[in-house]
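# Geometric and topological summary
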Amino acid sequence: MSTAFSMTPLFRHSIGFDRFNDLFESAMRNESASSYPPYNVEKHAEDQYRIVIAAAGFHEEDLDLQVERGVLTVTGGRREQDAADVTYLYQGIARRAFKLSFRLADHIEVRAANLVNGLLNIDLVRIVPEEAKAKRIPINGARPALDS
């Protein structure tokens, strides 16, 4: 019996998190993780991320993106039949409805989304306000004069 624990689910639905506890809580909740449609989460720079969702068969009007309370939700719905006179001999491109949710860390914002060649690209960026950034405190080498 193996006691190894895979950490993959911890990083599946969270973007930009640096805090392990939040990731662990999210993974331990009994949310059913969908594998359709397949997607990638990419880190392009220190504060730039991209979610790429394989949305073959979907048009822009079939997809909806919403951010509410730090959760990015991507839904895809099947539109009406394009051509009523089409009979599929084989239909291998799944166009079933889906809903994917990604919990975003603090200060992560959705910058853009585009659908190119069947891939939905969602660009994210971390914008940390000045008051939340770490500040370097200089150490003065001279001892302050004590007033008597």
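Reading the values: rules and limits
Numbering of residues starts from 1 in every chain and runs along the sequence as written. Where totals are concerned, whole chains, interfaces and linings use all residues; where local detail is concerned, this predicted model gives features only for residues with pLDDT of at least 70, and gives and counts side-chain atom pairs only at 80 or more. For side-chain calculations, the full set of non-hydrogen atoms in the structure is used, while hydrogens and water are omitted. UniProt positions are given in the numbering used here, feature names are shortened, and annotations may be inferred rather than shown by experiment. The criterion for strand pairing is that DSSP finds at least two bridges linking the strands in question. Helix numbering and strand numbering both begin at the N terminus, where a helix is a DSSP run of H or I of at least 4 residues and a strand a DSSP run of E of at least 2. The convention used is that axes are lines fitted to C-alpha atoms, helices contributing only their stretch in contact, and that angles between N-to-C directions extend from 0 to 180 degrees. Any Phe, Tyr or Trp ring, taking Trp's six-membered ring, that has another such ring centre within 6.5 Å forms a pair; planes under 30 degrees apart are called stacked, those over 60 apart edge-to-face, and the others tilted. Relative accessible area decides the class of each residue, using a 1.4 Å probe on protein chains only: under 20% of the type maximum gives buried, over 50% gives exposed, and in between gives partly exposed. Our definition puts a charge over a ring when NZ of Lys or CZ of Arg is within 6 Å of the ring centre and also within 35 degrees of the ring normal. Nonpolar cores were defined as sets of buried Ala, Val, Leu, Ile, Met, Phe, Trp, Tyr and Cys residues, with membership established by side-chain atoms within 4.5 Å. The criterion used for residue contact is that any of the two residues' heavy atoms lie within 4.5 Å. For this analysis, a salt bridge means a side-chain nitrogen from Lys or Arg found within 4 Å of a carboxyl oxygen belonging to Asp or Glu.

If you look the chain up in an unreviewed UniProt entry, it shows as Hsp20 family protein from Pseudomonas lalucatii. UniProt's Sequence similarities (unreviewed entry) comment on the chain is quoted here verbatim: "Belongs to the small heat shock protein (HSP20) family."

Pairing is antiparallel in the open sheet, where 4 strands are placed in the order S2-S3-S8-S7. Each edge of the sheet is formed by a strand with only one pairing partner; in this case those strands are strand S2 (39-45) and strand S7 (108-116). Averaged over all pairs of adjacent strands, the angle between their axes in this sheet comes to 20°, without regard to strand direction. Where strand S3 (residues 48-54) and strand S8 (residues 119-126) come together, 7 bridges link them in antiparallel fashion. For Tyr49, the partnering residue across the bridge sits in S8 and is Leu124.

Under the criterion given, the structure shown has 3 aromatic pairs. Taken together, a centroid distance of 6.2 Å and an interplanar angle of 85° make the contact between Tyr36 and Phe98 edge-to-face. Highlighted residues: Tyr36 in the loop between helix H2 (20-28) and S2 and Phe98 in strand S6 (residues 98-104), separated in sequence by 62 residues. Where Tyr39 meets Phe102, the ring centres are 5.2 Å apart and the plane angle is 90°; that geometry is what we call edge-to-face. Of this pair, Tyr39 sits in strand S2 while Phe102 sits in strand S6, and the two are 63 residues apart along the sequence. The pair Tyr39 / Phe102 is uniform in exposure class, with both members buried. Taken together through their ring pairs, the aromatic side chains of Tyr36, Phe58 and Phe98 make up a single cluster. One cation-aromatic arrangement involves Arg96 over Tyr36; the distance from NZ or CZ to the ring centre is 3.8 Å.

The subject of this paragraph is the nonpolar core. In terms of nonpolar packing, the biggest core is built from 20 residues, with Ile53, Val74, Phe102 and Ile122 touching the most fellow members. For this core, the secondary-structure elements that each account for two or more residues are S3, strand S5 (71-76), S6, S7 and S8. Counting residues per element, this core draws most heavily on S6, which supplies 4 residues. Filtering out sequence-adjacent residues up to four positions away, Ile53 remains in contact with Pro37, Pro38, Tyr39, Val74, Leu100, Phe102, Gly118, Leu119, Leu120 and Ile122.

Moving on: the pattern of salt bridges. Overall, the coordinates contain 4 salt bridges when judged by the stated rule. Two residues, Asp123 and Arg50, come together in a salt bridge whose shortest N-O distance is 2.6 Å. Here the residue Asp123 occupies a position in strand S8, and Arg50 occupies one in strand S3, the gap between them amounting to 73 residues. A residue is classified by how much of its surface remains accessible, and Arg50, at 26% relative accessible area, is partly exposed. Arg111 is the partner of Glu109 in a salt bridge, and the nearest nitrogen-oxygen pair spans 3.9 Å. Its relative accessible area of 37% is what places Glu109 among the partly exposed residues.

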